[in-house]
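What the coordinates show
Here are the chains, one letter per residue:
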Amino acid sequence: MRIVVLTGGIGGARFLLGVRAHARAIGAEVTAVVNVGDDVRMHGLQICPDLDSVMYTLGGAADPERGWGRVGETWVVKEELAKYGVEPSWFGLGDKDTATHLVRTTMLNAGYPLSAVTAALCERWQPGITMLPATDDRLETHVVVDLDGERKAIHFQEWWVRYRGEVPTHNFVFRGADAAKPGAGVLDAIASADIVLVAPSNPVVSIAPVLAVPALKEAVANGPAPVVGVSPIIGGSPVRGMADKCLNTLGVEVSAAGVGRMYGPRADGGLLDGWLVDTTDDGVQIPGLRTRAVPLWMSDEQTTAKMVADALELVR
Ligand code: GDP
Ligand code: FO1
Ligand code: CA
């Protein structure tokens, strides 16, 4: 059996721990198609937060409290950069993490596509799944905001890390998406998948930028595999992170039903065949979607693996 997962960073990474565990139990292969919209160049280095969250989490090296970067991190480079007074001072690169960005940027500068760079980095971390960037082309999420009396688009990282999303926000745009092609291996993985899972990732800034790659969206929408989503919203709350801010900006209700309707049924031009919601949200019904309520708190790997089994069961 082949399982493809569309995913962002930490929510998706935790979900993938469960996917990997369940896949091992049933002898399945897993491919993650990972968001690159958060990617940014800082101090001349290419940073890929969602790819790194997935890689470090599955490699057992992620910091569980911070939710990004490496466990046991030190910050000497950050402190030294601050002493030079260089910007952006609001974005911190850990020392261990910086080694990853150095390797990545050197390979990108030498002409390797991000997919090949990711595979090379994964030789060290052995995530146990295939990790594919959604695209090898440049695609960045920018946020349309009002700042200093002006309407402008800033990078997603500036919106989130510098302003904590606390600025009047109007829209999210995926720069480069229209011209972006699916990353190496992505179309093959989707075409040969037995099921496509949409991780409980941020629908607006993790899943939407993946699907903003036109041929990727097309492949999922018209592909042979059923598509099952897992709600990132439990009882009206995003558990952690910024999904509530993002959904509010788009006028989408912050609920399992709101996100399910936003994704929509595949039969109706949407994304999904099935939609898993938490037991708190039992009773949610979306016309055209097979919906089931099961526990969706990813408290440990076993619980998460059970969610994955339930997702597979929904379309069997
Ligand atoms: P990011 O890219 O690092 O922000 O991570 P993702 O986009 O992959 O996931 C973030 C989302 O995961 C959050 O907005 C939450 O809604 C969701 N999330 C986090 N923990 C849980 C959980 O235990 N269960 C569910 N269902 N969703 C969760
Ligand atoms: N998040 C922060 O809140 N502050 C930071 O300084 C910061 C630096 C950073 C560096 C590398 C990296 O991979 C992620 C980093 N993040 C930081 C997390 C990141 O901004 C977001 O949480 C994700 O992009 C959302 O998926
Ligand atoms: Ca992200």
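About the thresholds
Residues numbered from 1 in each chain as written. Chains lettered and ligands numbered in written order. Predicted model: local features only at pLDDT ≥ 70, side-chain atom pairs only at ≥ 80, totals over all residues. Heavy atoms only, no water. Helix = DSSP H or I, 4+ residues; strand = E, 2+ residues; numbered from the N terminus. Contact = heavy atoms within 4.5 Å. Areas by Shrake-Rupley, 256 points an atom, 1.4 Å probe, with all protein chains shown as cover. Lys, Arg positive; Asp, Glu negative; His and termini not counted. Charge placed at Lys NZ, Arg CZ, Asp CG, Glu CD. Donors = N, O, S within 2.8 Å, 3.2 Å for Na, K, Ca; no water. Buried < 20%, exposed > 50% of the residue type's maximum accessible area, 1.4 Å probe, protein only. Core = buried A, V, L, I, M, F, W, Y, C linked by side-chain atoms within 4.5 Å. Near = heavy atom within 4 Å. Polar contact = N/O pair within 3.5 Å; in protein donor to acceptor, adjacent residues only side chain to side chain. 1 Å grid on protein atoms, 1.4 Å probe; cavity = no way out; pocket = protein on both sides within 12 Å on 5 of 7 lines; lining within 4 Å. Sits in = over half its atoms within 2 Å of the grid points. Nonpolar A, V, L, I, M, F, W, Y, C, P; charged D, E, K, R; others polar.

An unreviewed UniProt entry annotates the chain as LPPG:FO 2-phospho-L-lactate transferase originating from Actinoplanes missouriensis.

1. What about the overall build of the chain?
A count of helical and extended segments in the chain gives twelve helices and twelve strands. Structurally, the chain occupies a C-alpha span of about 60 × 45 × 35 Å along its principal axes. Sequence separation of at least 24 residues holds for 69% of the intrachain contacts in the chain that already meet a minimum separation of 6. Entry remark: accessible area of the chain is about 13500 Å², with carbon and sulfur atoms responsible for 50%. Counting 28 positive and 37 negative side-chain charges, the chain places the centres of these two groups 2 Å from one another.

2. Side note on the coordination of the calcium ion (ligand 3)
The protein atoms that coordinate the calcium ion (ligand 3) are Asp 38 (OD), Asp 50 (OD) and Asp 50 (OD), at distances spanning 2.3 to 2.5 Å. Of the two residues, Asp 38 is situated in the loop between strand E2 (29-34) and strand E3 (40-42) and Asp 50 in helix H2 (residues 49-58); the sequence distance between them amounts to twelve residues. Neither Asp 38 nor Asp 50 differs from the other in exposure class; each is buried.

3. Quick notes on the nonpolar core
In this structure, Leu 6, Trp 159, Leu 197 and Leu 216 are the most contacted members of the largest nonpolar core, which totals 96 residues. Setting aside chain neighbours within four positions, we find Leu 197 in contact with Ile 3, Val 4, Val 5, Leu 6, Phe 15, Val 19, Val 228, Val 308, Ala 311 and Leu 312. Formed by six residues, the second largest nonpolar core is a distinct cluster that contains Val 40, Met 42, Ile 47 and Phe 91.

4. Regarding the site of ligand 1
Around ligand 1, a shell composed of 20 residues is seen, among which Ser 201, Ser 206, Pro 232, Pro 238 and Leu 296 lie nearest. Within the backbone of Arg 240, an N or O atom sits 3.4 Å from an oxygen atom of ligand 1. Considered on its own, ligand 1 offers 590 Å² of accessible surface; in the complex 92% of this is hidden by protein. If you map ligand 1 onto the pockets, it falls in the largest pocket. The residue makeup of the shell around ligand 1, split by class, is ten nonpolar, eight polar and two charged.

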